[in-house]
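Structure assessment
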Amino acid sequence: MSELADIDDAERNRLAVLTAMSVLRRHDGAVERILCSASQVIVYELGRTSKNAAPRWKHTGIQGVLHVIERKGDPRFRFL
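A brief report on the enclosed structure follows.

Scoring rules and cut-offs
- Residues numbered from 1 in each chain as written.
- Predicted model: local features only at pLDDT ≥ 70, side-chain atom pairs only at ≥ 80, totals over all residues.
- Heavy atoms only, no water.
- Helix = DSSP H or I, 4+ residues; strand = E, 2+ residues; numbered from the N terminus.
- Rg over C-alpha atoms; globule rule 2.2 N^0.38 Å.
- Buried < 20%, exposed > 50% of the residue type's maximum accessible area, 1.4 Å probe, protein only.
- Contact = heavy atoms within 4.5 Å.
- Areas by Shrake-Rupley, 256 points an atom, 1.4 Å probe, with all protein chains shown as cover.
- Lys, Arg positive; Asp, Glu negative; His and termini not counted.
- Charge placed at Lys NZ, Arg CZ, Asp CG, Glu CD.
- Salt bridge = Lys/Arg side-chain N within 4 Å of Asp/Glu carboxyl O.

Focus on the overall build of the protein
Scanning the protein from terminus to terminus reveals 1 helix and 3 strands. The C-alpha radius of gyration of the protein comes to 18 Å, more than 25% above the 12 Å expected for a compact globule of 80 residues. Buried residues in the protein amount to 16% of all 80 residues. Of the contacts formed within the protein by residues at least 6 apart in sequence, a portion of 43% connects residues at least 24 apart. In the form shown here, the protein has an accessible surface area of approximately 6500 Å², with 55% of it arising from carbon and sulfur atoms. Computing the positive centroid from 13 side-chain charges and the negative centroid from 10, the protein places the two 14 Å apart.

Now the structure itself:
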């Protein structure tokens, strides 16, 4: 039987947060805590093809996990 199957949900969540913090700190060493997360986001840009054209949404090609973090320094908050 897997060792992870023997732990409760609270402990599993704690381990997931510790793992996420470890990964985020590789990108930004000033991370203090994760304020909230989204498991899947897609970024779109609102733009116009010409001055008189109606605005249209364009897929940017950016997608994945999004974390809102609090940092030790400036800027105090950041998206990662």
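Concerning the pattern of salt bridges
Across all of its chains, the model carries 7 salt bridges by this definition. Residue E11 is joined to R14 by a salt bridge in which the shortest nitrogen-to-oxygen separation is 2.9 Å. Of this pair, E11 and R14 both sit in helix α1 (residues 9-27), 3 residues apart, which is roughly one turn of the helix. Given the relative accessible area of 42%, R14 is considered partly exposed. Residues D28 and R71 are paired through a salt bridge, measuring 2.6 Å at the closest nitrogen-oxygen approach. Placement of D28 in the loop between α1 and β1 (31-47) and of R71 in strand β2 (residues 56-71) is noted, with a sequence separation of 43 residues between them. Residues joined in a network through salt bridges with shared partners are E32, R33, E70 and R76.

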